[in-house]
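# A structural walkthrough
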Amino acid sequence: MSRRYFGTDGVRGEVGKHPMTAEFALRLANAAARVLAPNGGSVLIGKDTRVSGYMFESALEAGFVAAGVDVMLLGPLPTPGIAYMTRSFAADLGVVISASHNQYFDNGIKFFDRNGSKLSDDVELQIESLLDEPSRTLESKRLGRATRIETSRSRYQEFCKDSIKGVSLDGLRIVLDCSNGAGYKVAPRILSELGAEVIPIGCSPNGRNINYRCGSTAPELLQKTVVAVDADLGVALDGDGDRLVMIDHEGALIDGDQLIYIIANARADSQQLSGPVVGTVMSNLGLERALSDKGIGFVRAKVGDRYVIEQMQQHGASLGGESSGHLICLDKTTTGDGVISALQVLSIVQISGRRLKDLAADMQMFPQCMINVRVEKRFDPLESAPIQQAVAAAEAELAERGRIVLRASGTEPVIRVMVEGEDEKEVRATAESLAGVVKSAA
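Residues numbered from 1 in each chain as written. Predicted model: local features only at pLDDT ≥ 70, side-chain atom pairs only at ≥ 80, totals over all residues. Heavy atoms only, no water.

With that out of the way, let us pick up the overall build of the chain. For the chain, the count of helices and strands is 14 helices and 17 strands. Whereas a compact globule of 442 residues would reach a radius of gyration of roughly 22 Å, the chain reaches 22 Å, a difference of no more than 12%. Structurally, the chain occupies a C-alpha span of about 70 × 60 × 40 Å along its principal axes. Taking all 442 residues of the chain together, the buried fraction comes to 57%. Across the chain, every contact between residues at least 6 apart in sequence was considered, and the portion connecting residues at least 24 apart equals 70%. If you average the places of the 48 positive and of the 57 negative side-chain charges in the chain, the two averages end up 5 Å apart. (Helix = DSSP H or I, 4+ residues; strand = E, 2+ residues; numbered from the N terminus. Rg over C-alpha atoms; globule rule 2.2 N^0.38 Å. Buried < 20%, exposed > 50% of the residue type's maximum accessible area, 1.4 Å probe, protein only. Contact = heavy atoms within 4.5 Å. Lys, Arg positive; Asp, Glu negative; His and termini not counted. Charge placed at Lys NZ, Arg CZ, Asp CG, Glu CD.)

Below you can see the structure in the form of structure tokens.
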């Protein structure tokens with residue numbers, strides 16, 4: 001049924017090692033219980049709107065209950081909402097059933113610890129080490145109990161609204177695209193209760209239309225709708241509600257790097273920015289330069305929100321994120337949250353009285369070309385002598401006008417070749433040349 005696998009990103013680990021089946025989900029829950037709640041305890045389980053989520057929810061429930069853990073079922077709720085509820089209920093573990101921005105036929109499972117943070121590599125390895133052992137089923141009097149929590153959405157909504165306490169969204173006309181995903185109920189209510197006029201799209205999930213031609217990964221309909229209804233701006237989440245992109249009043253896309261800049265600039269002006277801003281190796285060079293012009297430090301992490309958070313914690317940073325729109329405001333919550341990130345930007349629009357387009361205008365986006373080179377087996381491209389030589393020559397040619405990133409995908413046999421710089425033609429030509437070298441070396 002599913003092509004996704006348990007892994008550190010909650011979507012896919014080593015391909016083919018742990019296929020997502022109901023039987024696997026049961027064993028995974030049982031193993032997690034033995035590692036994180038060996039003497040009983042409690043776990044929260046939430047999900048997005050995929051049709052397979054109901055099956056995996058039941059399997060996880062069975063695995064935890066058999067191991068003596070009490071289960072609280074939240075139903076559809078954004079991934080960051082489950083992180084918050086895990087803290088709020090003082091649960092030992094939070095579980096999310098979601099494949100994030102992927103299509104409905106994929107699914108995955110990810111965990112949060114009692115602090116609402118993702119598990120460490122060591123803990124995940126402990127869980128994986130038990131997957132091939134027989135599941136534990138306790139005697140009847142020691143089994144866990146399962147209950148359904150009906151207040152999770154309202155509690156999460158209040159938490160989000162509190163992130164901009166004192167700011168009203170009165171007068172804003174917003175088109176909101178929830179990607180037919182986990183935020184389809186809470187996000188429109190949050191914006192409406194804060195005073196905005198909300199025009200919802202992508203808010204009619206049927207189990208199979210999550211992320212389909214909608215949401216942050218496909219914002220074309222949102223762009224057209226914003227212009228058609230003369231809205232002030234558009235907001236797009238992904239299927240599990242942890243990513244965000246926005247649309248200005250003219251229909252132009254404002255991506256994660258631009259949103260980070262808007263938040264960082266406003267917080268620096270109000271002396272509310274702690275530490276440097278943390279991006280990734282894929283963050284646009286324009287973000288780094290624009291922040292530098294404002295006297296704001298910038299640190300690059302490996303791709304992946306867990307690595308961004310690690311660098312944020314190491315440098316005492318309050319703001320970080322990825323170009324994809326996975327923004328992290330550690331002074332507001334513990335993980336990437338599309339709704340909370342959107343509220344930070346919307347509050348800046350309201351307080352400043354400026355349009356979204358104008359707030360992003362000071363940041364010049366550099367042309368960027370990404371080519372995915374499919375290979376038979378994943379490898380580190382920078383360990384290949386021919387690739388090293390080609391990259392060195394290309395970097396010398398670009399000099400200070402651009403940069404190059406080559407990395408192996410963590411989820412598929414693909415080498416990603418990214419080049420960005422001041423001249424679009426030069427950027428594309430360099431990327432195509434390097435992609436050819438990678439193909440030859442694979």
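The next point concerns the nonpolar core. Ranked by internal contacts, the top residues of the largest apolar core, which has 63 residues, are Leu169, Leu191, Val235, Met246, Leu343 and Leu346. In terms of residue count, helix α11 (residues 338–352) provides more of this core than any other element does, eight residues in total. Among all residues touching Leu346, those that are not within four sequence positions of it are Leu169, Leu172, Ile174, Leu191, Leu233 and Met246. Judged by nonpolar contacts, the second largest core, of 30 residues, contains Ala33, Val43, Ile109 and Val123. (Core = buried A, V, L, I, M, F, W, Y, C linked by side-chain atoms within 4.5 Å.)

The strand order β15-β17-β16 describes an open sheet built from three strands, whose pairing is antiparallel. Each end of this open sheet is capped by a strand with a single partner; those strands are β15 (368–374) and β16 (402–408). Neighbour-to-neighbour, the strand axes of the sheet open up by a mean angle of 10°, direction not taken into account. In terms of strand pairing, β15 meets strand β17 (residues 414–421) through seven bridges, oriented antiparallel. Within β17, the position partnered with Val373 by the bridge is Ile415. Taken strand by strand, helix α13 (residues 385–398) contacts β16 and β17, and its axis lies near 160° from that of β16. (Pairing = 2+ DSSP bridges. Axes fitted to C-alpha atoms, helices over the stretch in contact; angles between N-to-C directions.)

Taken in spatial order, the five strands of this open sheet run β7-β6-β8-β9-β10, and their pairing is mixed. Both outer strands of the open sheet, β7 (197–201) and β10 (253–254), are each paired with one neighbouring strand and no more. Sheet strands touched by helix α6 (residues 186–193): β6 (173–177), β7 and β8 (233–237). Its angle to β6, the strand with the most contacts, is close to 170°. Each of β6, β7, β8, β9 (244–247) and β10 touches helix α7 (residues 220–228); the most contacted strand, β8, lies at about 160° to it.

The relation between two aromatic rings is expressed through the spacing of the ring centres and the mutual angle of the planes. The tally for this structure, following the rule as stated, stands at two aromatic pairs. The interplanar angle of 10° and the centroid separation of 4.0 Å between the aromatic rings of Tyr84 and Phe159 together place this pair among those described as stacked. Of the two residues, Tyr84 sits in helix α3 (residues 79–88) while Phe159 sits in helix α5 (residues 152–162), which places them 75 residues apart along the sequence. The same class applies to Tyr84 as to Phe159, namely buried. Here the aromatic rings of Tyr104 and Phe105 are separated by 5.4 Å at their centres, their planes lie at 65°, and the arrangement is edge-to-face. (Phe/Tyr/Trp six-rings, centres within 6.5 Å; stacked < 30°, edge-to-face > 60°.)

Right, let's get into the pattern of salt bridges. Counted by the stated rule, this structure contains 21 salt bridges. The closest approach of N and O atoms between Glu23 and Arg27, which form a salt bridge, is 2.7 Å. Of the two residues, Glu23 and Arg27 are both situated in helix α1 (residues 22–36); the distance of four residues between them amounts to about one turn of the helix. A relative accessible area of 19% places Arg27 in the buried class. We note a salt bridge from Glu124 to Arg306, for which the minimum N-O separation is 3.9 Å. Of this pair, Glu124 sits in helix α4 (residues 121–129) while Arg306 sits in helix α10 (residues 305–315); the two residues are 182 residues apart in sequence, bridging distant segments of the chain. A relative accessible area of 12% places Arg306 in the buried class. Three or more residues are tied together by salt bridges with common partners; here these are Lys47, Glu57 and Arg148. (Salt bridge = Lys/Arg side-chain N within 4 Å of Asp/Glu carboxyl O.)

What is shown is where atoms sit, not what they do.
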